[in-house]
Amino acid sequence: QVQLMESGGGLVQPGGSLRLSCAASGSIFSFYDMGWYRQAPGKQREMVATITSGGSTNYADSVKGRFTVSRDNAKNTGYLQMNSLKPEDTAVYYCNARRTSLGMDRWGKGTLVTVFS
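This is a predicted model, so every value here is computed, not measured.

Draft legend 1. Representation of the environment of Y59 within the structure. Within the secondary structure, Y59 sits in strand β6 (residues 57–59). A residue is classified by how much of its surface remains accessible, and Y59, at 18% relative accessible area, is buried. Counting along the chain gives 10 residues from Y59 to V69, while the straight-line C-alpha distance between them is 8.5 Å. Ignoring sequence-local partners within four residues, the contact set of Y59 consists of M47, V48, A49, K64, F67, T68 and V69. Among the polar contacts listed, one links the side chain of Y59 to the backbone nitrogen of V69, at a separation of 2.9 Å.

Draft legend 2. Summary view of the packing of aromatic side chains. This model, assessed by the stated rule, comprises 1 aromatic pair. On the numbers, 5.0 Å between centres and 65° between planes, the contact of Y37 with W107 is edge-to-face. Residue Y37 is located in strand β4 (residues 33–39), and its partner W107 is located in strand β10 (residues 104–107); the two are separated by 70 residues in the primary sequence. A relative accessible area of 14% places Y37 in the buried class. On the basis of relative accessibility, which here comes to 34%, the residue W107 falls in the partly exposed class. We note R45 situated over the ring of Y94; from NZ or CZ to the ring centre the distance is 3.8 Å. The ring of W107 is capped by R45, whose NZ or CZ atom sits 4.6 Å from the centre of that ring.

Draft legend 3. Molecular detail of the pattern of salt bridges. This structure, assessed with the given rule, holds 5 salt bridges. In this structure, K64 engages D61 in a salt bridge whose closest nitrogen and oxygen atoms are separated by 3.2 Å. Here D89 and R66 are joined by a salt bridge, their closest N and O atoms 2.7 Å apart. You can see D89 sitting in the loop between β8 (77–82) and β9 (91–99) and its partner R66 sitting in the loop between β6 and β7 (67–72), a full 23 residues away along the chain. Neither residue differs from the other here; D89 and R66 are each classed as buried. A cluster of three or more residues bridged by salt bridges with shared partners is formed by R38, E46, R66 and D89.

Draft legend 4. Highlighting unusual backbone geometry. The backbone of N76 shows a phi angle near 55°, a positive value even though the residue is not glycine. Along the chain, N76 falls in the loop between β7 and β8. Assessed through its relative accessible area of 27%, N76 is described here as partly exposed. Residue S84 is not a glycine yet carries a positive backbone phi of 50°. Looking at where S84 falls in the secondary structure, it is placed in the loop between β8 and β9. What makes S84 partly exposed here is its relative accessible area of 41%.

Thresholds, definitions, all that
Residues numbered from 1 in each chain as written. Predicted model: local features only at pLDDT ≥ 70, side-chain atom pairs only at ≥ 80, totals over all residues. Heavy atoms only, no water. Helix = DSSP H or I, 4+ residues; strand = E, 2+ residues; numbered from the N terminus. Buried < 20%, exposed > 50% of the residue type's maximum accessible area, 1.4 Å probe, protein only. Contact = heavy atoms within 4.5 Å. Polar contact = N/O pair within 3.5 Å; in protein donor to acceptor, adjacent residues only side chain to side chain. Phe/Tyr/Trp six-rings, centres within 6.5 Å; stacked < 30°, edge-to-face > 60°. Lys NZ or Arg CZ within 6 Å of the ring centre and 35° of its normal. Salt bridge = Lys/Arg side-chain N within 4 Å of Asp/Glu carboxyl O.

Take a look at the structure:
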């Protein structure tokens, strides 16, 4: 199965930008649907953005127009470009890869994004 490692988190001021990366290994990344999820302190994990193996995207209402999910299958890497960041975007961001038809569902360990003023 695929293994995932996130990177790119950090500290940023409101209005700033970050780009998260999700490096995949161990399987053919292009076969997997990929997604970004986040979990803020004291809250449940929530979907941020997803991109299917075919390239179709979906976003949470709270990030539409600010975040962009993409993937480079040749590099086995997924991305989340985050612009106009807000304090409420502060969370641990997790990368997910799944092949629902085969019951495969893998998670990275997460990367922390902190938006502070």
